[in-house]
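Each chain is listed here by its residues.
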Amino acid sequence: MYWDSLGYVEQAITGRPGGLALGRPAFVLLSHGALRVASAAGISPWHFEALLRNAWLAAAAAAAPLAAEWAIAEGMTASAAWTAGLLVALSPAGAHTRDAVLTDGPAAAVVLAALVAGARGAPLAAGALLGVAFGFREQSALHAATLAVMLARRHGRVACAGPIARAAAAFALVGAATVAAAWLANSDYPRTIPRWLAGMAAERREHRDAVRATLAYAGWLVALSPLALGAAVAWWLRSRTSLRLVLLPGTAGLLLLSRYQDIAWSPRYLLTEFVVATTLPAAAVLRPAAWWIAPSAAVLPIAGMLLRRAQRETRAALDETPAWLRTLPDDAVVVTAQPCTTVRLALRIARSYPSSWPRSTPRWTVRCAGWNWRETDLEADLARDAVIALDLRDGAWIGATQRARLAEVRAFADRHAGDARILSWRGAPRGPR
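What counts, and where the lines are drawn
Residues numbered from 1 in each chain as written. Predicted model: local features only at pLDDT ≥ 70, side-chain atom pairs only at ≥ 80, totals over all residues. Heavy atoms only, no water. 1 Å grid on protein atoms, 1.4 Å probe; cavity = no way out; pocket = protein on both sides within 12 Å on 5 of 7 lines; lining within 4 Å. Points joined across faces, edges and corners; volume = space filled by probe spheres on them. Helix = DSSP H or I, 4+ residues; strand = E, 2+ residues; numbered from the N terminus. Nonpolar A, V, L, I, M, F, W, Y, C, P; charged D, E, K, R; others polar. Core = buried A, V, L, I, M, F, W, Y, C linked by side-chain atoms within 4.5 Å. Buried < 20%, exposed > 50% of the residue type's maximum accessible area, 1.4 Å probe, protein only. Contact = heavy atoms within 4.5 Å. Pairing = 2+ DSSP bridges. Right-handed = clockwise from strand over helix to strand, strands pointing away. Phe/Tyr/Trp six-rings, centres within 6.5 Å; stacked < 30°, edge-to-face > 60°. Lys NZ or Arg CZ within 6 Å of the ring centre and 35° of its normal. Disulfide = S-S within 2.5 Å.

Enquirer: Break down empty space enclosed by the protein for me, with residues and values.
Expert: Here the structure, examined in full by the defined rule, presents 1 cavity of 30 Å³ or more. The volume enclosed by the largest cavity comes to roughly 70 Å³. Lining the largest cavity, in full, are Leu 87, Val 88, Ser 91, Arg 98, Leu 224, Ser 225, Ala 228, Leu 271, Phe 274, Val 275, Thr 278 and Thr 279. No other element matches the 5 residues that helix α15 (residues 271-286) contributes to the lining of the largest cavity. Counted by class, the lining of the largest cavity contains 7 nonpolar, 4 polar and 1 charged residues.

Enquirer: An account of unusual backbone geometry is requested, with residue identities and associated values reported.
Expert: Positive phi, normally seen in glycine, also occurs at Arg 24, with a value near 50°. Assignment of secondary structure puts Arg 24 in the loop between α1 (3-14) and α2 (25-40). Here Asp 385, not a glycine, exhibits a phi torsion of approximately 70°, which is positive. Take Asp 385: it is sitting in the loop between α19 (376-383) and β3 (388-391).

Enquirer: Describe the layout of surface pockets, with residues and values.
Expert: By volume, the second largest pocket amounts to about 220 Å³. Lining the second largest pocket we find 13 residues, and of these Met 76, Trp 235, Thr 241, Leu 243 and Ala 284 sit closest to its centre. Of the residues contributing to the lining of the second largest pocket, the split by class is 5 nonpolar, 4 polar and 4 charged.

Enquirer: Please provide a residue-by-residue account of the nonpolar core, values included.
Expert: One finds Leu 52, Trp 70, Val 101, Phe 136, Leu 254, Leu 270 and Leu 280 to be the most contacted residues of the largest nonpolar core, which totals 78 residues. The leading source of residues in this core is helix α7 (residues 104-119), at 11 residues. In contact with Leu 52, other than residues within four places in its own chain, are Val 9, Ala 12, Ser 31, Ala 34, Leu 35 and Val 101. The next biggest cluster of nonpolar side chains, apart from the first, holds 19 residues, and it includes Val 333, Val 335, Leu 392 and Ala 396.

Enquirer: How would you summarise the pairing of β3 if you had to cite specific residues and measurements?
Expert: Regular strands place side chains that alternate from one sheet face to the opposite one. In β3, alternate side chains face the same way, and those of Ile 388 and Leu 390 on one face and Ala 389 and Asp 391 on the other are all buried. For strand β1 (residues 333-336) and β3, the ladder comprises 3 bridges, and the chain directions are parallel. In the sheet register, Val 333 faces β3, and the bridge partner there is Ile 388. Of the strand pairs in this sheet, β3 and strand β4 (residues 422-425) are connected by 4 bridges, and their pairing is parallel. Its bridge partner being in β4, Ala 389 is matched across the sheet by Leu 423. Traced from β3 through helix α20 (residues 399-415) to β4, the parallel crossover comes out right-handed.

Enquirer: Describe in detail the packing of aromatic side chains, supporting the description with residues and values.
Expert: By the definition in use, this model includes 11 aromatic pairs. Between Phe 134 and Phe 171, the ring centres sit 5.9 Å apart and the planes meet at 75°, which makes this aromatic pair edge-to-face. Of this pair, Phe 134 sits in helix α8 (residues 123-136) while Phe 171 sits in helix α10 (residues 161-185), and the two are 37 residues apart along the sequence. Judged by its relative accessible area of 16%, Phe 134 falls in the buried class. Linked through ring pairs, Tyr 8, Phe 27, Trp 56 and Phe 136 together constitute an aromatic cluster. Positioned above the aromatic ring of Trp 46 is the side chain of Arg 326, whose terminal nitrogen or guanidinium carbon lies 5.6 Å from the ring centre. When the ring centre of Trp 425 is taken as origin, the NZ or CZ atom of Arg 393, which lies over that ring, is 3.7 Å away.

Enquirer: An account of the state of the cysteines is needed here, citing residue identities and associated values.
Expert: As enumerated under the stated definition, the model contains 1 disulfide in all. Residue Cys 340 pairs covalently with Cys 368 via a disulfide, S to S 1.4 Å. Residues Cys 340 and Cys 368 are joined through a disulfide that is left-handed, its torsion about the S-S bond being -45°. Placement of Cys 340 in helix α18 (residues 340-352) and of Cys 368 in strand β2 (residues 365-368) is noted, with a sequence separation of 28 residues between them.

Below is the structure:
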């Protein structure tokens, strides 16, 4: 259950990269191609999310065998390679992240494929794969340093210049090609980057609870794999092998992400760096033992049940939202938080596939609790005589920032109590207050 997941489905329908960094162009364009094929095959657009979720889950699942292959390529034993693959496959937070339309899982798999190619002495393939990973998630570029160290370790300080140059050229060519493809498909693509920078700056100006963020970061490391984390730390304390140089860039990246301004929200931001930094050292420590496998496998369903229970209200809010939308006027202003991407996706499907919507195509204005939020917009909407639909369900607003904005929305509703233009939803769909 992630804010970005349905947003990626919407982008896949349009083929337009989103407003995060460079927009994950390779991920969006590949998803767009898959949906065009699905649409031609007669698949309902209301099933597009499930189709993409399962397709990208299959891609992300390749991370486990690729981690095992990387261990073999680095000279580790077969038992250590099995351990490396199992550590990736049995990551609780990793499993949760992969079961969504998100870039993190596939990016981790492609980064591992690049590292395998580098360890096998194929710099062109390694650089090209890293370019694809960059098109999935821009922070994958951090692992260019890991690839360079691997090539230097394999070829020697003098002879490594050529392989590193070939890998760098392939990375630059593929990465630039994905950006160019997005630009050719969308003429206004460059304008999304300044908007993203402005949004990030606005978010940084909001109060950041440093203690909460630090505790969340530590919790996410444990959620990704307490066993891999502990074993990797033990390996770093006692190992003196040259593998330390290969793992140093990924480990530094993992530590630097503790300062990422949104780190309190999700462990998925750490997924690729965690896998690269911890898997091989943890496998080296755990390979003689099998005692950890059964307990680690048991954690997945237990963690899933606990997470589902914790997210019950929000999941219900997301599931109920499409039915609520069908009760709203076509020109309403819709105000919500976590279900915002559900509203936007429904709007996009209704516009792109009008035959799939039961009545005239809606023209909703969507006010989301995100970067562009301004309470004054609601007063302006009312001044132009708009109908405003307020989602006041507790489960629809999560986290301190959204809850603060929910208080503003409720205050707005109280100020205009009795106004027939205000539609409030506190549970089941209602009529005017």
